[in-house]
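Structural characterization, general
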Amino acid sequence: MDGAIERLSRVLEILLFPSRFQEWQKKHHPRAAHIFDYFKNRHALIIMAGDVGTGKTELSETIGSYVARKSRLEITLFPMSLSTRGSGLVGEMTRLISSAFHHVKNESEKIARTKEGTYRSGVIMLIDEADALAQSRQDEQMHHEDRAGVNALIRGLDTLNRQQLPVAVIMCTNRIEAIDPAITRRAAETLVFERPDRNKLLSLLQQTFGEIGFTQEQIEEIVDMTGPTNGRDYGFTFSDITQKLFHSVVMSAYPDRPISHEQVISAVKKIVPTSPFKNNV
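Quick look at the structure, then. Just so you know, these numbers come straight off a predicted model, no measurement behind them.

Bringing the pattern of salt bridges into the picture now. Side chains that differ in sign of charge can pair as their charged atoms come close. Scanning the entire structure with this criterion turns up eleven salt bridges. With a shortest N-O distance of 2.9 Å, aspartate 158 and arginine 186 are connected by a salt bridge. Here the residue aspartate 158 occupies a position in helix H6 (residues 144-162), and arginine 186 occupies one in the loop between helix H7 (181-184) and strand E5 (189-193), the gap between them amounting to 28 residues. It is possible to trace a salt-bridge network through shared partners that takes in Arg198, Glu220 and Asp224.

On to unusual backbone geometry, then. Residue proline 255 follows tyrosine 254 across a cis peptide bond; omega there is 5°. Tracing the sequence through the fold places proline 255 in the loop between helix H10 (238-253) and helix H11 (261-270). Positive phi outside glycine occurs at glutamate 129, with the angle close to 50°. As for its position among the elements, glutamate 129 is in the loop between strand E3 (121-127) and H6.

Once that is clear, we can look at the nonpolar core. In this structure, Phe101, Val169, Met171 and Ile183 are the most contacted members of the largest nonpolar core, which totals 32 residues. Broken down by secondary-structure element, the contributors of at least two residues to this core are strand E1 (45-50), strand E2 (74-80), helix H5 (92-109), E3, H6, strand E4 (167-173) and H7. The element contributing the most residues to this core is H6, with six residues. Among residues more than four places away in sequence, those in contact with phenylalanine 101 are Met80, Met125, Leu153, Gly156, Leu157, Leu160 and Val169. Counting 22 residues, the second largest nonpolar core, distinct from the first, contains Leu15, Leu16, Leu126 and Ile170.

With that settled, the discussion passes to the packing of aromatic side chains. On inspection of all chains with the given rule, the structure shows three aromatic pairs. Ring geometry for phenylalanine 209 against phenylalanine 214: centres 5.2 Å apart, planes inclined by 10°, an arrangement best described as stacked. Here phenylalanine 209 and phenylalanine 214 have matching classes, each one buried. Taken together, Phe209, Phe214 and Phe246 form an aromatic cluster joined through their ring pairs.

Here is what the cut-offs are and how they apply
- Sequence positions are assigned chain by chain, starting from 1 and proceeding in written order.
- Side-chain atom pairs in this predicted model are given and counted only at pLDDT of 80 or more, local residue features only at pLDDT of at least 70, and totals for whole chains, interfaces and linings cover all residues.
- Side-chain figures throughout are based on the complete set of non-hydrogen atoms in the structure, without hydrogens or water.
- We define a salt bridge as a side-chain nitrogen of Lys or Arg found within 4 Å of a carboxyl oxygen belonging to Asp or Glu.
- Each helix is a run of H or I in the DSSP string that is no shorter than four residues. Each strand is a run of E no shorter than two, and both are numbered from the N terminus.
- By nonpolar core we mean a set of buried residues, namely Ala, Val, Leu, Ile, Met, Phe, Trp, Tyr and Cys, connected to one another through side-chain atoms within 4.5 Å.
- When a residue's accessible area, from a 1.4 Å probe over protein chains only, is under 20% of the maximum for its type it is buried; when over 50% it is exposed; and in between it is partly exposed.
- In this analysis, two residues are considered to be in contact whenever any of their non-hydrogen atoms come within 4.5 Å of each other.
- Pairing of aromatic side chains requires ring centres within 6.5 Å, counting the rings of Phe and Tyr and the six-membered ring of Trp. Pairs whose planes differ by under 30 degrees are stacked, by over 60 edge-to-face, and all others tilted.

Listed below in structure tokens is the structure:
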């Protein structure tokens, strides 16, 4: 995740604390204006897209801590619940989405500024399972209430952008194709997460089982079994390994014996990897 963490943290730092970006511009490109004018006018929206179990939500929930320590400024996280869809009453979804953005806007307006006019802290608004709230209005079967909700979401994003508040919105989705085009084109950054390939599986399992004392040959056997194999065209997700495999291995050994290669192989055979999300769009 190191590459995604660094990329996301840089984007958030620029979006939440533009004064630091302006200092960099003045130092390296003091006479270049046009490209940076376009850059500064972007919506503070980041879309995290990709397969299930690849770490999108966990990274979104924790990246604020990383940015706060790196920038030495406070970050507050506001996660939006799926209950924002409401119960189906007319106007309820629109009201709840508008209320969520209004709350974040009010909280961000309380943030103190320095004498130079820059903010002392920032806010991250997290919208998980975003396709449930931001479904494309091009779908002819889309309910009027859902269309109104998407419109409210777009209005909220535009309001935050227009007022240049220190708020970054992160949307996580398994189905980026289902997100309304008016929202995806507003994204300052889109990060795509995929299942680990062989190199990433090898890196993860070497780090874990190498400490236990497994040989390279034993680790590569586990890698082969957790990747696409035996007619299965997809491998384990990161969460399949860290939450299912590692848990199963430890529990099968505790409390009487050490972890063995045979136990790991047995555990892998019993685990059914998470199926890829089927996109019907």
